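For reference, the chains in residue letters:
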Amino acid sequence: MTSQEFPPTLREVMLRPRWIGVLVLALVVAGVFAFLGQWQFERAIDTEPPPAGITEELRPLTDVVEPGQYLPEPHVGQRVETTGTWVAGDFLIVSSRFNDGEEGYWVTGQLRVDERTSIAVAVGWAADRESADAAASALEKNAAGAEATITGRVISDEGPGLPPADDPFAMNKMSPAMLLSQWHDTEQLSVYRPYLASVDAPEGLVDIDSPAPDELSTVNWLNIFYAIEWAVFAGFAFYIWYRLAKDRWELEVEAFEDPASD
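Now for a description of the structure that goes with this document.

A look at the side chain of Gln40
Relative to the assigned elements, Gln40 resides in helix H2 (residues 17-44). In this structure, Gln40 is in contact with Asn223, Tyr226, Ala227 and Trp230, ignoring residues within four places of it in sequence.

Here is the structure:
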(Lines give C-alpha, C1' and ligand atoms only; values in the text may rest on other atoms or scores of the structure.)
Protein backbone atom coordinates (compact mmCIF):
# COMPACT_ATOMS: atom_id res chain seq x y z
CA MET A 1 0.00 0.00 0.00
CA THR A 2 1.39 3.35 -0.97
CA SER A 3 1.40 6.24 1.39
CA GLN A 4 -0.97 8.09 -0.92
CA GLU A 5 -4.42 8.11 0.67
CA PHE A 6 -6.43 9.06 -2.43
CA PRO A 7 -5.81 8.53 -6.16
CA PRO A 8 -4.94 11.62 -8.26
CA THR A 9 -7.78 13.56 -9.80
CA LEU A 10 -8.10 14.07 -13.55
CA ARG A 11 -7.35 17.76 -13.04
CA GLU A 12 -4.10 16.93 -11.20
CA VAL A 13 -2.99 14.66 -14.03
CA MET A 14 -3.80 17.31 -16.65
CA LEU A 15 -1.75 19.93 -14.75
CA ARG A 16 1.41 17.84 -14.80
CA PRO A 17 4.23 19.31 -16.99
CA ARG A 18 4.03 16.39 -19.42
CA TRP A 19 0.36 16.90 -20.18
CA ILE A 20 0.68 20.68 -20.24
CA GLY A 21 3.32 20.13 -22.94
CA VAL A 22 0.91 17.91 -24.88
CA LEU A 23 -1.74 20.61 -24.51
CA VAL A 24 0.64 23.20 -25.97
CA LEU A 25 1.25 20.88 -28.92
CA ALA A 26 -2.52 20.47 -29.35
CA LEU A 27 -2.90 24.26 -29.33
CA VAL A 28 -0.30 24.59 -32.08
CA VAL A 29 -1.97 21.92 -34.22
CA ALA A 30 -5.42 23.43 -33.63
CA GLY A 31 -4.06 26.88 -34.53
CA VAL A 32 -2.79 25.56 -37.86
CA PHE A 33 -6.16 23.93 -38.57
CA ALA A 34 -7.98 27.13 -37.58
CA PHE A 35 -5.80 29.15 -39.97
CA LEU A 36 -6.57 26.74 -42.81
CA GLY A 37 -10.27 26.91 -41.99
CA GLN A 38 -10.21 30.71 -42.07
CA TRP A 39 -8.32 30.60 -45.39
CA GLN A 40 -10.98 28.32 -46.89
CA PHE A 41 -13.81 30.44 -45.50
CA GLU A 42 -12.38 33.67 -46.96
CA ARG A 43 -12.32 32.05 -50.37
CA ALA A 44 -15.82 30.66 -49.99
CA ILE A 45 -17.47 34.07 -50.26
CA ASP A 46 -16.91 36.24 -53.30
CA THR A 47 -17.06 39.81 -52.04
CA GLU A 48 -16.75 41.19 -55.58
CA PRO A 49 -18.96 39.02 -57.81
CA PRO A 50 -19.24 39.93 -61.50
CA PRO A 51 -22.17 42.24 -62.23
CA ALA A 52 -25.43 40.59 -63.27
CA GLY A 53 -25.75 40.22 -67.05
CA ILE A 54 -22.03 40.76 -67.66
CA THR A 55 -21.94 37.79 -70.08
CA GLU A 56 -24.45 39.55 -72.35
CA GLU A 57 -22.13 42.46 -73.08
CA LEU A 58 -20.55 41.88 -76.49
CA ARG A 59 -16.76 41.91 -76.17
CA PRO A 60 -13.83 41.17 -78.48
CA LEU A 61 -12.65 37.58 -78.19
CA THR A 62 -9.11 38.65 -77.30
CA ASP A 63 -10.41 40.60 -74.28
CA VAL A 64 -11.93 37.45 -72.79
CA VAL A 65 -9.39 34.67 -73.35
CA GLU A 66 -6.00 34.16 -74.97
CA PRO A 67 -4.99 31.28 -77.28
CA GLY A 68 -3.95 28.21 -75.33
CA GLN A 69 -5.43 29.50 -72.06
CA TYR A 70 -8.30 28.01 -70.09
CA LEU A 71 -11.49 30.05 -70.04
CA PRO A 72 -11.87 31.89 -66.69
CA GLU A 73 -15.09 30.91 -64.90
CA PRO A 74 -16.67 34.41 -64.93
CA HIS A 75 -16.39 34.43 -68.75
CA VAL A 76 -17.99 31.05 -69.49
CA GLY A 77 -20.79 31.82 -71.94
CA GLN A 78 -19.57 35.36 -72.59
CA ARG A 79 -20.88 36.90 -75.82
CA VAL A 80 -17.90 37.75 -78.02
CA GLU A 81 -17.15 38.82 -81.56
CA THR A 82 -14.21 37.95 -83.75
CA THR A 83 -13.25 38.13 -87.41
CA GLY A 84 -11.31 35.54 -89.35
CA THR A 85 -11.12 33.36 -92.42
CA TRP A 86 -12.66 29.90 -92.81
CA VAL A 87 -10.03 27.24 -93.50
CA ALA A 88 -10.88 24.96 -96.44
CA GLY A 89 -11.54 21.31 -95.70
CA ASP A 90 -12.30 21.82 -92.02
CA PHE A 91 -16.10 21.96 -91.84
CA LEU A 92 -16.60 18.91 -89.62
CA ILE A 93 -19.63 17.28 -87.97
CA VAL A 94 -20.09 16.72 -84.23
CA SER A 95 -22.94 14.46 -83.11
CA SER A 96 -24.99 14.24 -79.89
CA ARG A 97 -25.85 17.96 -79.94
CA PHE A 98 -29.13 19.03 -78.38
CA ASN A 99 -31.19 22.01 -79.50
CA ASP A 100 -34.30 22.75 -77.41
CA GLY A 101 -34.17 19.17 -76.15
CA GLU A 102 -33.91 17.58 -79.61
CA GLU A 103 -30.78 15.60 -80.46
CA GLY A 104 -28.94 16.38 -83.66
CA TYR A 105 -25.64 17.53 -85.13
CA TRP A 106 -23.40 20.58 -85.19
CA VAL A 107 -21.48 21.73 -88.22
CA THR A 108 -18.16 23.16 -87.06
CA GLY A 109 -15.36 25.06 -88.76
CA GLN A 110 -11.84 26.27 -88.22
CA LEU A 111 -11.79 30.08 -88.16
CA ARG A 112 -8.30 31.51 -88.67
CA VAL A 113 -8.44 34.69 -86.56
CA ASP A 114 -4.76 35.56 -86.98
CA GLU A 115 -1.90 34.45 -89.18
CA ARG A 116 -1.21 31.32 -87.10
CA THR A 117 -4.10 31.34 -84.62
CA SER A 118 -7.47 29.55 -84.92
CA ILE A 119 -10.61 28.96 -82.92
CA ALA A 120 -13.17 26.18 -83.35
CA VAL A 121 -16.62 27.50 -84.20
CA ALA A 122 -19.93 25.66 -83.91
CA VAL A 123 -21.65 27.14 -86.96
CA GLY A 124 -25.19 25.73 -86.68
CA TRP A 125 -27.40 22.77 -85.81
CA ALA A 126 -29.11 20.14 -87.98
CA ALA A 127 -31.65 17.53 -86.95
CA ASP A 128 -30.16 14.71 -89.05
CA ARG A 129 -26.78 13.71 -90.43
CA GLU A 130 -27.82 14.18 -94.06
CA SER A 131 -28.75 17.82 -93.46
CA ALA A 132 -25.53 18.42 -91.53
CA ASP A 133 -23.41 16.90 -94.31
CA ALA A 134 -25.24 18.96 -96.95
CA ALA A 135 -24.69 22.17 -94.98
CA ALA A 136 -21.00 21.35 -94.46
CA SER A 137 -20.60 20.77 -98.22
CA ALA A 138 -22.32 24.08 -98.99
CA LEU A 139 -20.04 25.91 -96.56
CA GLU A 140 -17.01 24.23 -98.08
CA LYS A 141 -18.10 25.40 -101.51
CA ASN A 142 -19.22 28.94 -100.65
CA ALA A 143 -17.39 30.01 -97.48
CA ALA A 144 -13.99 28.29 -97.43
CA GLY A 145 -11.29 30.94 -97.71
CA ALA A 146 -13.77 33.76 -97.16
CA GLU A 147 -13.59 36.27 -94.34
CA ALA A 148 -16.34 36.12 -91.70
CA THR A 149 -17.30 38.03 -88.59
CA ILE A 150 -18.74 35.68 -85.97
CA THR A 151 -20.78 36.64 -82.93
CA GLY A 152 -21.41 33.94 -80.37
CA ARG A 153 -20.76 32.57 -76.92
CA VAL A 154 -17.33 31.36 -75.89
CA ILE A 155 -17.67 27.98 -74.13
CA SER A 156 -15.18 25.68 -72.41
CA ASP A 157 -13.86 22.58 -74.16
CA GLU A 158 -15.94 19.48 -73.40
CA GLY A 159 -12.88 17.26 -73.49
CA PRO A 160 -12.10 14.45 -75.93
CA GLY A 161 -14.21 11.32 -76.19
CA LEU A 162 -13.61 7.89 -77.65
CA PRO A 163 -14.95 7.52 -81.21
CA PRO A 164 -17.00 4.46 -82.17
CA ALA A 165 -14.99 1.45 -83.32
CA ASP A 166 -16.46 1.56 -86.83
CA ASP A 167 -15.62 5.25 -87.43
CA PRO A 168 -12.39 6.56 -85.84
CA PHE A 169 -13.03 10.07 -87.19
CA ALA A 170 -16.51 10.47 -85.66
CA MET A 171 -16.87 13.01 -82.85
CA ASN A 172 -19.57 13.26 -80.19
CA LYS A 173 -17.84 15.90 -78.04
CA MET A 174 -17.21 19.52 -78.93
CA SER A 175 -13.49 19.42 -78.30
CA PRO A 176 -11.07 21.75 -80.12
CA ALA A 177 -8.33 19.21 -79.36
CA MET A 178 -10.21 16.51 -81.27
CA LEU A 179 -11.02 18.88 -84.12
CA LEU A 180 -7.38 19.94 -84.30
CA SER A 181 -6.39 16.33 -85.05
CA GLN A 182 -8.44 16.55 -88.30
CA TRP A 183 -7.75 20.17 -89.27
CA HIS A 184 -5.50 21.22 -92.12
CA ASP A 185 -2.52 23.59 -92.05
CA THR A 186 -1.82 23.15 -88.33
CA GLU A 187 1.97 23.40 -88.23
CA GLN A 188 2.99 25.82 -85.44
CA LEU A 189 -0.67 26.78 -85.04
CA SER A 190 -1.96 28.40 -81.83
CA VAL A 191 -5.47 27.23 -80.93
CA TYR A 192 -8.00 28.55 -78.44
CA ARG A 193 -8.90 25.97 -75.79
CA PRO A 194 -12.59 27.02 -75.64
CA TYR A 195 -14.81 27.09 -78.71
CA LEU A 196 -17.26 29.62 -80.10
CA ALA A 197 -20.96 28.81 -80.51
CA SER A 198 -22.26 31.12 -83.25
CA VAL A 199 -25.62 32.77 -82.60
CA ASP A 200 -26.49 33.03 -86.31
CA ALA A 201 -26.54 29.89 -88.44
CA PRO A 202 -26.03 29.98 -92.21
CA GLU A 203 -28.66 28.77 -94.66
CA GLY A 204 -29.46 25.09 -94.26
CA LEU A 205 -28.79 25.05 -90.51
CA VAL A 206 -30.70 26.08 -87.38
CA ASP A 207 -29.44 28.67 -84.90
CA ILE A 208 -27.75 26.98 -81.96
CA ASP A 209 -29.75 27.23 -78.75
CA SER A 210 -27.27 28.94 -76.42
CA PRO A 211 -29.02 30.79 -73.58
CA ALA A 212 -27.26 33.07 -71.14
CA PRO A 213 -25.50 31.13 -68.38
CA ASP A 214 -26.94 31.13 -64.88
CA GLU A 215 -25.62 33.82 -62.58
CA LEU A 216 -22.76 32.54 -60.44
CA SER A 217 -23.43 32.16 -56.71
CA THR A 218 -21.38 34.39 -54.42
CA VAL A 219 -20.96 31.45 -52.02
CA ASN A 220 -18.75 28.44 -52.76
CA TRP A 221 -20.35 25.74 -50.62
CA LEU A 222 -17.51 23.30 -51.19
CA ASN A 223 -15.09 25.73 -49.56
CA ILE A 224 -17.58 26.25 -46.71
CA PHE A 225 -17.58 22.48 -46.18
CA TYR A 226 -13.78 22.39 -46.14
CA ALA A 227 -13.71 25.25 -43.60
CA ILE A 228 -16.05 23.27 -41.32
CA GLU A 229 -13.81 20.22 -41.71
CA TRP A 230 -10.76 22.19 -40.53
CA ALA A 231 -12.74 23.42 -37.51
CA VAL A 232 -13.62 19.80 -36.66
CA PHE A 233 -9.96 18.80 -36.98
CA ALA A 234 -8.97 21.63 -34.62
CA GLY A 235 -11.48 20.39 -32.03
CA PHE A 236 -10.23 16.84 -32.50
CA ALA A 237 -6.69 17.93 -31.53
CA PHE A 238 -8.02 18.97 -28.10
CA TYR A 239 -10.02 15.76 -27.82
CA ILE A 240 -6.86 13.70 -28.42
CA TRP A 241 -5.11 15.60 -25.60
CA TYR A 242 -8.06 15.06 -23.26
CA ARG A 243 -8.39 11.37 -24.16
CA LEU A 244 -4.67 10.65 -23.59
CA ALA A 245 -4.64 12.47 -20.26
CA LYS A 246 -7.80 10.67 -19.14
CA ASP A 247 -6.37 7.29 -20.15
CA ARG A 248 -3.31 8.02 -18.02
CA TRP A 249 -5.50 9.06 -15.10
CA GLU A 250 -7.59 5.90 -15.37
CA LEU A 251 -4.44 3.75 -15.34
CA GLU A 252 -3.18 5.45 -12.19
CA VAL A 253 -6.55 5.09 -10.47
CA GLU A 254 -6.66 1.42 -11.40
CA ALA A 255 -3.11 0.90 -10.10
CA PHE A 256 -4.05 2.68 -6.85
CA GLU A 257 -7.19 0.65 -6.27
CA ASP A 258 -5.84 -2.81 -7.08
CA PRO A 259 -3.55 -3.13 -3.98
CA ALA A 260 -6.37 -1.81 -1.78
CA SER A 261 -8.74 -4.51 -3.02
CA ASP A 262 -6.13 -7.18 -2.26
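A closer look at the pairing of strand E3 (residues 92-99)
The sheet contact formed by E3 and strand E4 (residues 102-114) spans six bridges and is antiparallel. When the sheet's bridge partners are listed, Leu92 is paired in E4 with Thr108.

Some words on the packing of aromatic side chains
What the rule picks out here adds up to seven aromatic pairs. Stacked on the ring of Trp106, the Lys or Arg Arg97 has its end atom at 5.0 Å from the ring centre. For the cation-ring pair, Arg193 lies above Tyr70, with the distance from its terminal atom to the ring centre recorded as 4.2 Å.

Thoughts on the pattern of salt bridges
Scanning the model with the defined rule gives nine salt bridges in all. Among the ionic pairs, Arg16 bridges to Glu252, the shortest N-O distance being 2.5 Å. Here Arg16 is found in the loop between helix H1 (10-14) and H2, whereas its partner Glu252 is found in helix H6 (residues 221-261), with 236 residues between them in sequence. On the basis of relative accessible area, Arg16 is assigned to the partly exposed category, the value being 29%. The closest approach of N and O atoms between Glu158 and Arg97, which form a salt bridge, is 2.8 Å. Of this pair, Glu158 sits in the loop between strand E6 (147-155) and helix H5 (176-180) while Arg97 sits in strand E3, and the two are 61 residues apart along the sequence.

A short note on the pairing of E6
Pairing geometry for strand E2 (residues 78-86) and E6, over eight bridges, is antiparallel. Of the residues in E6, the one forming a bridge with Gly84 is Ala148. One ladder, built from four bridges, connects E6 with strand E8 (residues 195-198); its direction is antiparallel. Directly across from Ile155, in E8, lies its bridge partner Tyr195.

Observations regarding the nonpolar core
Ranked by size, the top nonpolar core spans 26 residues in total, and within it Trp86, Val107, Ile119, Val121 and Val154 carry the most contacts. Of all the secondary structure elements, the ones that give two or more residues to this core are helix H3 (61-64), E2, E4, strand E5 (117-126), helix H4 (129-142) and E6. Not counting residues up to four positions away in its chain, the partners in contact with Val107 are Leu92, Ile93, Val121, Ala122, Val123, Gly124, Ala132, Ala135, Ala136, Leu139 and Leu205.

Re H2
One turn of the α-helix equals 3.6 residues, which is why residues spaced by three or four share an orientation. With 28 residues, H2 should reach 40 Å at 1.5 Å per residue; the first-to-last C-alpha distance of 40 Å fits that figure. Trp19, Ala26, Ala30, Gly37, Gln40 and Ala44 are the residues of H2 that are buried.

Considerations on unusual backbone geometry
A positive phi angle, close to 55 degrees, is found at Asp185, a residue other than glycine. Relative to the assigned elements, Asp185 resides in the loop between H5 and strand E7 (190-191). Among the residues examined, Asp185 registers a relative accessible area of 44% and is labelled partly exposed. Positive phi values are uncommon outside glycine, yet Gln188 reaches one of about 55 degrees. Relative to the elements of secondary structure, Gln188 occurs in the loop between H5 and E7.

Calculation criteria
- Throughout, residues of each chain are indexed from 1 in the direction in which the sequence is written.
- Per-residue local features of the predicted model are confined to residues with pLDDT of at least 70, and side-chain atom pairs are confined, for both listing and counting, to 80 or more; whole-chain, interface and lining totals are unaffected and use all residues.
- Side-chain figures throughout are based on the complete set of non-hydrogen atoms in the structure, without hydrogens or water.
- In DSSP terms, a helix is any run of H or I states spanning at least four residues, a strand is any run of E spanning at least two, and both are numbered starting from the N terminus.
- We call two residues contacting when some pair of their heavy atoms lies within 4.5 Å.
- If DSSP finds at least two bridges between two strands, the strands pair.
- Any two rings among Phe, Tyr and Trp, with Trp reduced to its six-membered ring, count as a pair given centres within 6.5 Å; such a pair is stacked if its planes are under 30 degrees apart, edge-to-face if over 60, and tilted if neither.
- Charge-over-ring contacts are defined here by two conditions on Lys NZ or Arg CZ: a distance within 6 Å of the ring centre and an angle within 35 degrees of the ring normal.
- We count a salt bridge whenever a side-chain nitrogen from Lys or Arg sits within 4 Å of a carboxyl oxygen from Asp or Glu.
- Residue exposure (1.4 Å probe, protein chains only): buried if accessible area is under 20% of the type maximum, exposed if over 50%, otherwise partly exposed.
- Residues grouped as a nonpolar core are buried Ala, Val, Leu, Ile, Met, Phe, Trp, Tyr and Cys residues, joined through side-chain atoms within 4.5 Å.
- Each residue after the first adds 1.5 Å to the expected span of a helix.

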